[in-house]
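Structural overview for review
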Amino acid sequence: MILDPLNSITSLSFYKKVAAQAWSRSLIYLAYLGIVFAIVFLVFLKLRVWPSLDATFKWLETSVPAITYSKGRVSTPTNEKVTVRHPTINEVAFTLDTNRTEPVTAQMLAAEKVSACLTSNALYVMQPGGKVEVYDFSKAPSAQTKVFDAKFYDELSRNLRFALYPIGFAAAFLLFFVWKLTASLFYSSIALLINGLAETGLPYPALFNISVYAQTLVIAVQCILLLIPAQVPQFTLLAAVATTIYLWLAIKKNAVPRPAAV
C-alpha cells in the first residue's frame, strides 16, 4: 500500500486492481492517506503556526505588566492605564486600566482601537457587530490569588507546545478521514452517473473504490499547499474537475466487456 498513492496518480491500469479489491481496503487506504496528511499538518504547525504563537507569547512576556487577581479584583504593579498592541497583528490590542471601576462602552473601545479592556473588576470584550461582552469578576470572587506574569506566559507556552502536536495530529487525521470519506461518497454518485452514461457495467463497490483513489492527486496537492505559502485560484473547482477526470478514465479502463453480438 505504500506505493498506492504514486500508482493512483500515474497508472490507470492500477485502477483495475482498485476496482476489484474489497471496499474495506479502500477505507484502510483512506486512513493511510489520513496519517500522511496528519504528518504533513504537523510540519505545517511546526514551520508556519508555532513561530507566530511563540512570538506572541514572547510579546506577552515582555509587553504586558504582571496582572494579579485576588478576591474578585484585578491589579497591576502600578495600576496605571496601559494599552498593549501586538507588533504584527493589528487586531490584537487591549487596555489595562485597573484603577477603573466604571463600565466600559463599545464607543470607548472603538475610540481607543482596542478589542478588550481589563478594569479592576471586569473584562470587557468587543464582539462582532459592536456588542460588548462583560465578564464581571465580582460575581464570582475567588480567595485564591492568581498572578499572570512572564513566568505564567512562559509556562503556558511550554504546555501549549507539548499539547499542540498530538492534538493537532489527532484532529487533522479525524477531520481528513471524515472529510474525504464524505467526498468519496459524493464522487461515487458521480461515478454512478458516469457508469450509466458510459454503460461500463461496474458494480457500486468498484465505483466507491475508484472514487477513493481518484482523489489522490488532489490530496497530494493539498499537502503541498500546506507547506508552501501559495494559493491556487478556484482550487475547489479545479480539484473537482481533476477528480472527475480520474473517475472517467478509470471507469472507462475498467469497463466490463459487452457480450459479442450473435
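Structural data are supplied above this passage.
All values reported here derive from a predicted model rather than from experimental measurement. (Residues numbered from 1 in each chain as written. Predicted model: local features only at pLDDT ≥ 70, side-chain atom pairs only at ≥ 80, totals over all residues. Heavy atoms only, no water.)

**Description of the nonpolar core**
Tyr15, Phe37, Ile210, Val212, Tyr213, Leu247 and Ile251 are the most contacted members of the largest nonpolar core, which totals 36 residues. The element contributing the most residues to this core is helix 3 (residues 23–63), with 9 residues. Contact partners of Ile251, with chain neighbours within four places excluded, come to Ala191, Ile194, Asn195, Thr200, Leu202, Leu207 and Ile210. (Core = buried A, V, L, I, M, F, W, Y, C linked by side-chain atoms within 4.5 Å. Buried < 20%, exposed > 50% of the residue type's maximum accessible area, 1.4 Å probe, protein only. Helix = DSSP H or I, 4+ residues; strand = E, 2+ residues; numbered from the N terminus. Contact = heavy atoms within 4.5 Å.)

**As for the environment of Phe148**
Mapped onto the elements, Phe148 comes out in strand 8 (residues 146–148). What makes Phe148 partly exposed here is its relative accessible area of 28%. It is 5.6 Å that separates the C-alpha atoms of Phe148 and Ala66, two residues lying 82 residues apart in sequence. Non-local contacts of Phe148, meaning those with residues more than four positions away in its chain, are made with Pro65, Ala66, Ile67, Tyr69 and Tyr153.

**Some points on the sheet that holds strand 7 (residues 132–136)**
Judged by pairing direction, the sheet is mixed, and its 5 strands sit side by side in the order 3-4-5-6-7 without closing on themselves. Edge positions in the sheet fall to strand 3 (82–85) and strand 7, since each of these pairs with one other strand and no more. When the angles between neighbouring strand axes are averaged without regard to direction, this sheet yields 15°. Pairing between strand 3 and strand 4 (residues 93–97): 4 bridges, direction antiparallel. Residue pairing for strand 4: Val84 is matched across the bridge by Phe94. (Pairing = 2+ DSSP bridges. Axes fitted to C-alpha atoms, helices over the stretch in contact; angles between N-to-C directions.)

**Quick word on the environment of Val18**
Note that Val18 resides in helix 2 (residues 14–20). The buried category is assigned to Val18, whose relative accessible area is 0%. Sequence separation between Val18 and Thr78 is 60 residues, and the spatial gap between their C-alpha atoms is 70 Å. When near neighbours in sequence (up to four residues on either side) are disregarded, Val18 contacts Asn209, Ile210 and Tyr213.

**Let's talk about a nonpolar patch on the surface**
A surface patch of nonpolar side chains, amounting to about 590 Å² of accessible area, comprises Ile35, Ile39, Val43, Leu47, Ile224, Leu227 and Ile228. Taken together, the elements giving at least two residues each to the nonpolar patch come down to helix 3 and helix 7 (216–227). The biggest single contributor to the nonpolar patch is helix 3, with 4 residues. Mapped onto the secondary structure, Val43 falls in helix 3. (Patch = residues over 30% accessible without salt bridge, like charges linked within 9 Å, V, L, I, M, F, W, Y side chains within 5 Å. Areas by Shrake-Rupley, 256 points an atom, 1.4 Å probe, with all protein chains shown as cover. Salt bridge = Lys/Arg side-chain N within 4 Å of Asp/Glu carboxyl O.)

**Observations regarding the pairing of strand 6 (residues 122–126)**
Where strand 5 (residues 116–119) meets strand 6, 3 bridges bridge the pair, whose relative direction is antiparallel. Paired with Cys117 across the bridge in strand 6 is Tyr124. Connecting strand 6 to the antiparallel partner strand 7 that follows it, the hairpin turn spans 5 residues, and Gly129 within it adopts a positive phi of roughly 95°.

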